[in-house]
Amino acid sequence: MIKKMGIDWHLRLRMAEQGMFQTSDLVPLLAERGIHLSREQVYRLVAQPPQRLSMDVLAALCDILGCQPGDLIEVQVVNEERRKTAEQGRAAAPPVRRSTIRRPD
């Protein structure tokens, strides 16, 4: 039994709770804490869940937003294992496609 895990990334929500609605607002605040990221990198950090995240960046974000790591990251099971029924195991028949053959004139 293999479980695939995923995360929900709540950085944009936590920023909105602090009144920060532009991703560029984070750039100087991160720089104050020794984290130097470009505007594009910060945008990607806010807009999509990161695949890898430095602990220094996570600590800086928590300090800026006044939250804990668990407030930014919610771990969840992406796919749950289910038993297959007899009908799920069968392949569906392809739809019938009618065609007309025409001879060239």
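Remember, it's a predicted structure, so these values are computed and weren't measured experimentally. (Residues numbered from 1 in each chain as written. Predicted model: local features only at pLDDT ≥ 70, side-chain atom pairs only at ≥ 80, totals over all residues. Heavy atoms only, no water.)

Caption draft 1: Up close: the overall build of the protein. When helices and strands are counted, the protein shows six helices and two strands. Of the regular secondary structure in the protein, the N- to C-terminal order runs β-α-α-α-α-α-β-α. Across the 105 residues in the protein, those meeting the buried criterion constitute 23%. Element-wise, carbon and sulfur atoms account for 49% of the exposed surface of the protein, whose accessible area totals about 9000 Å². (Helix = DSSP H or I, 4+ residues; strand = E, 2+ residues; numbered from the N terminus. Buried < 20%, exposed > 50% of the residue type's maximum accessible area, 1.4 Å probe, protein only. Areas by Shrake-Rupley, 256 points an atom, 1.4 Å probe, with all protein chains shown as cover.)

Caption draft 2: View of the side chain of Thr23. Examined against the element boundaries, Thr23 turns out to sit in the loop between helix H1 (11-17) and helix H2 (26-32). Sequence-distant contacts of Thr23, that is, excluding residues within four places in its chain, are made with Met15, Val42, Tyr43 and Val46. (Contact = heavy atoms within 4.5 Å.)

Caption draft 3: How the structure looks around the state of the cysteines. Throughout the structure, instances matching the rule amount to zero disulfides. For Cys62, which is in no disulfide, the shortest distance to another cysteine sulfur is to Cys67 and amounts to 4.4 Å. The class of Cys62 is buried, set by a relative accessible area of 9%. For Cys67, a relative accessible area of 12% puts it in the buried group. (Disulfide = S-S within 2.5 Å.)

Caption draft 4: The arrangement of the pattern of salt bridges in detail. With the rule as written, the count across this model stands at four salt bridges. For Asp63, the salt bridge goes to Arg33, with nearest N and O atoms at 2.6 Å. Highlighted residues: Asp63 in helix H4 (residues 55-65) and Arg33 in the loop between H2 and helix H3 (39-47), separated in sequence by 30 residues. Using a relative accessible area of 33% as the deciding quantity, one classes Arg33 as partly exposed. Linked by salt bridges that have partners in common, Glu32, Arg33 and Asp63 make up one network. (Salt bridge = Lys/Arg side-chain N within 4 Å of Asp/Glu carboxyl O.)

Caption draft 5: Quick peek at the nonpolar core. Counting residues in each nonpolar core, the largest one holds 19 residues, and the members touching the most others are Leu11, Met15, Leu26, Leu30, Leu61, Leu65 and Leu72. Elements supplying a minimum of two residues to this core: H1, H2, H3 and H4. Take this core: its biggest share by element is seven residues, from H4. (Core = buried A, V, L, I, M, F, W, Y, C linked by side-chain atoms within 4.5 Å.)

Caption draft 6: Structural context of the environment of Leu26. The residue Leu26 is located in helix H2 in this model. We classify Leu26 as buried; its relative accessible area is 0%. Measuring from C-alpha to C-alpha, the distance between Leu26 and Tyr43 comes to 9.2 Å, with 17 residues separating the pair along the chain.

Caption draft 7: Region of interest: the side chain of His10. For His10, the position within the fold is in the loop between strand E1 (4-9) and H1. Within the structure, His10 has its side chain in polar contact with the side chain of Glu74 (distance 2.9 Å). Leaving out residues up to four positions away in the same chain, His10 has contacts with Asp71, Leu72 and Glu74. (Polar contact = N/O pair within 3.5 Å; in protein donor to acceptor, adjacent residues only side chain to side chain.)

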